[in-house]
Amino acid sequence: MQIPHDTRRALDVVVALVNTAAETDQPDGLSDIGALRGFVQEYSISDVGELSARDLAGVRTVRQKFAQVFASPNPRAASILINELVATAGTTPQLTDHDGYDWHVHYFAPGASVGDHLAADGGMALAFIVVSGEQERLRRCEAPDCRRAFVDLSRNRSRRYCDSRTCGNRLHVAAYRARRKEADAEASEQEEIVHGGEQQQDADHR
């Protein structure tokens, strides 16, 4: 699937944001303003001023909306959420080549809050996926102990696991060990049957 560079980057940020949500074995990755500041720096989110508690609450709200898009059962349900996101953010498309990046489009309005920034750019990236008829690529890891979000960019849409916890490898190893254990148990049972038959034959000859 061909995705423009800026759209791909926005999707990466969407996925990263969704995966900051608290899980059974994972605390909230946006627990305070310092954590939000770290997220902004890690993903080079531009045009962000001094962050506040209001910004933190706004980004958490956007995170929840993004997560709901991943859980949407069909394009219509996803479109309602995405339309709400971009409408609330007040999108203003503009071409930019800031910080040495090639020309790309920003959808957030000048002076937008970090929450509106993420909602606008991330919402438009998700809209691209839905318009392309590729909503099913917005997935959650199928490993029993992991629900991390990811975008399946494989050619045949066959990816089932995220790559942040090597979930696929862990499950493949576990399945291999289970098969080996079952095969060993069957071999042992067969050996007992054969051995028992030989003992019975010996007893009959006596």
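Residues numbered from 1 in each chain as written. Predicted model: local features only at pLDDT ≥ 70, side-chain atom pairs only at ≥ 80, totals over all residues. Heavy atoms only, no water.

Chemist: Which residues make up the environment of A21, and what values go with them?
Modeler: Its place among the elements puts A21 in the loop between α1 (5-18) and α2 (33-42). Under the relative-accessibility criterion, A21 is labelled partly exposed at 22%. Setting aside chain neighbours within four positions, we find A21 in contact with Q26 and R63. (Helix = DSSP H or I, 4+ residues; strand = E, 2+ residues; numbered from the N terminus. Buried < 20%, exposed > 50% of the residue type's maximum accessible area, 1.4 Å probe, protein only. Contact = heavy atoms within 4.5 Å.)

Chemist: Lay out the nonpolar core with the relevant residues and their values.
Modeler: If you look at the biggest cluster of nonpolar residues, it comprises 40 residues, and the most contacted ones within it are L17, L36, F66, F70, L118 and L126. Counting only elements with at least two residues in this core, the list comes to α1, α2, α3 (53-71), α4 (75-89), α5 (114-131) and β4 (149-151). It is α5 that provides the largest number of residues to this core, a total of nine residues. Once residues lying within four places of it in the same chain are set aside, the contact partners of L17 are L30, F39, V59, V62, R63, F66 and L118. Membership of the second largest hydrophobic core comes to seven residues, among which are C141, A143, C146 and C162. (Core = buried A, V, L, I, M, F, W, Y, C linked by side-chain atoms within 4.5 Å.)

Chemist: Now, about the confidence of the model for the protein: what can you tell me, with residues and values included?
Modeler: Summarising the model, the protein shows a mean pLDDT of 84, and 78% of its residues fall at 70 or more. When pLDDT is averaged over each helix and strand of the protein, the minimum, 56, is found for helix α6 (residues 167-205) and the maximum, 98, for α3. Counting interchain partners and residues more than four positions distant, the pLDDT-below-50 stretch residues 170-178 has seven contacts. (pLDDT = per-residue confidence, 0-100.)

Chemist: Describe the pattern of salt bridges, naming the residues involved and giving the relevant values.
Modeler: Within the structure shown, the criterion is met by nine salt bridges. We note a salt bridge from R157 to E136, for which the minimum N-O separation is 2.7 Å. One end of the pair, R157, is in the loop between β4 and α6; the other, E136, is in the loop between α5 and β3 (138-140), and 21 residues separate them in sequence. Classification of E136 as partly exposed rests on a relative accessible area of 44%. A salt bridge links E142 to R160; its shortest N-O distance comes to 3.0 Å. Of this pair, E142 sits in the loop between β3 and β4 while R160 sits in the loop between β4 and α6; the two residues are 18 residues apart in sequence, bridging distant segments of the chain. For E142, a relative accessible area of 45% puts it in the partly exposed group. (Salt bridge = Lys/Arg side-chain N within 4 Å of Asp/Glu carboxyl O.)

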